[in-house]
Amino acid sequence: MKKIFNICVLLATAAAFTACSDDNAGEQYLRENPVGVVSSNLSFDANAHQGGVKFTAPEGQTATAVVNASWAKAEVKGDSVVVNVVNNPQLESRSAMLTIKSGADSTNVPITQKGCEFAYKGNNDYAIADKDTTIVLPFSKVGAEPKLLSDNDDALAKVEQIDTAFLVTLKANTTGELRQVNLFVDNQGVQDTVSVRQAELKDFVGKTFYFTGYDLSQFTDSTLSIDELYVQYTGSLAQSGSKVYLRLPDAGLSIPLEYDQSTLSFQVKGDQLTSTFKYEGNTYRLYTSIWDLTAMDFANEYKEKYGTPINNNYFCTKYLSMDAYMNAGATTKFNYVAGSFENHPGNAAWIALLMAFANYPSASFDANILGIDAYKLKSNGGRLFAGEFNKFYYPSIIHITGMVGQAKDLRLMNPNRAKAQRAFSLCKARKAVQAFKK
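Residues numbered from 1 in each chain as written. Predicted model: local features only at pLDDT ≥ 70, side-chain atom pairs only at ≥ 80, totals over all residues. Heavy atoms only, no water.

As for the layout of surface pockets
And then number 1: Its boundaries defined by the atoms lining it, the second largest pocket holds a volume of some 280 Å³.
And then number 2: Among the elements of the structure, β25 (327-330), β26 (334-343) and β28 (383-403) are those that each provide at least two residues to the lining of the second largest pocket.
And then number 3: It is β26 that provides the largest number of residues to the lining of the second largest pocket, a total of six residues.
And then number 4: Within the lining of the second largest pocket, the residues separate by chemical class into ten nonpolar, five polar and one charged. (1 Å grid on protein atoms, 1.4 Å probe; cavity = no way out; pocket = protein on both sides within 12 Å on 5 of 7 lines; lining within 4 Å. Points joined across faces, edges and corners; volume = space filled by probe spheres on them. Helix = DSSP H or I, 4+ residues; strand = E, 2+ residues; numbered from the N terminus. Nonpolar A, V, L, I, M, F, W, Y, C, P; charged D, E, K, R; others polar.)

Here you go:
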């Protein structure tokens, strides 16, 4: 009996100790973590930054801090952890974890950093002279590490990056032709393209230039395709004193142009004398005029309504003009320098006057037609409108700088053929209306 009693006492005592141990374990898990965060500043933009955490820990214990990412470093200073992050050049944001440990206790604090930000702030087109020239390509960035790339490194003398810009120095252009260098401001594969066109007037004059376009004045009932209206004349750019001419012997024209070095462009204005000839004892002169499809339609409607043409001086005027910005390019067959004549912004002022005083119906005017108009010279020195010779839709000038192989009969495709389909459709529609009225 005594043995059985002793065994029971031992079992009861063991059970008592076991219950007491379980109660202490529960208290351990429920107690407050002695390592606490008082304040934290660990959210950053993409630039390199310093932030920190202020913490509490039991006295007499040494605290340590570690970060689970290589782009952030942590150092304990008293009751604070100083965190330094390097810049984030990637587009994506990133995060890491800071662990503060004191004795057997620790706490975690997240670190976040935004992805880089970059914006190119400069122009996308620069026109410069042939001499060595430095251009500034400005940008703004947060954390980004942009690069400057080029499609012609041989043309670059120096590329320097300062805090907010690339300084690009181009070598002197000694090619005798317009040289075009494309620069690419690159950040993580996202690129802004900057075209640098380098030339002077001497690089254009004396060269063979082809004149192309679609002559809408040749449209008839039997015209089936816009290609039937395509014209191509062989000519040249010539300089006489301070004036420049597009000479087209095949067309019997010598069209005055104005050259703008600041934009590397040629401008044609209305009311410019292109040739003089005699016919049946009368002297006639051909002048330029500037139109668009709306204006051409307006003139046709006016003639149908009143039986006489409108005052052609509305569009045969020096207050209307078109600009051809010269660019370099290449096809599979040849390299070229070319420009398509397009609307000059200053035309808006003249069109506003026409709307106010000549009942012109639209403020929209996108000059894309170069007209050649005949005037009969009067005995008193004046002139009388005699008729239209040409209406060149989307006129372009093209100079071939290099051929791949040989081409005896070079036919150039006007770069605006798709747009010219609109004019063709309008002409077809007008002919249909005229036929219906008859």
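From this point, things continue past the structure.
Things to note about helix α2 (residues 293-306)
Counting along an α-helix, one turn takes 3.6 residues, and residues three or four places apart therefore face a common direction.
And then number 1: Between its first and last C-alpha atoms α2 spans 20 Å; for 14 residues at 1.5 Å apiece the expected length is 20 Å, and the two agree.
And then number 2: Here α2 has its buried residues at Leu 293, Ala 295, Met 296, Asp 297, Phe 298 and Ala 299.
And then number 3: Note on α2: the residue one or two positions beyond its end, Gly 307, has a positive phi of about 80°. (Expected span 1.5 Å × (residues − 1). Buried < 20%, exposed > 50% of the residue type's maximum accessible area, 1.4 Å probe, protein only.)

Digging into the sheet that holds strand β4 (residues 63-67)
And then number 1: Taking strand neighbours across the sheet as the criterion, the four strands line up as β2-β8-β7-β4 in an open arrangement whose pairing is mixed. Each edge of the sheet is formed by a strand with only one pairing partner; in this case those strands are β2 (43-44) and β4.
And then number 2: Across two bridges, β2 lies against strand β8 (residues 105-113) in parallel orientation. In the strand pairing of β8, Phe 44 is matched with Gln 113. (Pairing = 2+ DSSP bridges.)

Some remarks on the packing of aromatic side chains
And then number 1: Applying the stated criterion across every chain yields a total of 22 aromatic pairs.
And then number 2: Taken together, a centroid distance of 5.1 Å and an interplanar angle of 20° make the contact between Tyr 319 and Trp 350 stacked. Of this pair, Tyr 319 sits in the loop between α2 and β24 (321-325) while Trp 350 sits in helix α3 (residues 347-357), and the two are 31 residues apart along the sequence.
And then number 3: Between Phe 334 and Tyr 336 the ring centres are 6.1 Å apart and the planes differ by 65°, which places this aromatic pair in the edge-to-face class.
And then number 4: Judged by its relative accessible area of 11%, Phe 334 falls in the buried class.
And then number 5: When its relative accessible area of 24% is taken as the criterion, Tyr 336 is described as partly exposed.
And then number 6: Linked through ring pairs, Trp 291, Phe 298, Tyr 302, Tyr 314, Phe 315, Tyr 360 and Phe 365 together constitute an aromatic cluster.
And then number 7: It is Arg 383 that lies over the ring of Tyr 287; its NZ or CZ is 4.2 Å from the centre. (Phe/Tyr/Trp six-rings, centres within 6.5 Å; stacked < 30°, edge-to-face > 60°. Lys NZ or Arg CZ within 6 Å of the ring centre and 35° of its normal.)

Quick notes on the sheet that holds strand β6 (residues 80-85)
And then number 1: What the four strands build is an open sheet, ordered β1-β3-β6-β5; its pairing is antiparallel. For this open sheet the edge positions go to β1 (36-41) and β5 (72-77), each flanked by a neighbour on one side alone. Strand-to-strand, the axes of this sheet are offset by a mean angle of 20°, without reference to chain direction.
And then number 2: Two elements, β5 and β6, share six bridges in a ladder whose sense is antiparallel. Its bridge partner lying in β6, Val 76 is registered against Val 81. (Axes fitted to C-alpha atoms, helices over the stretch in contact; angles between N-to-C directions.)

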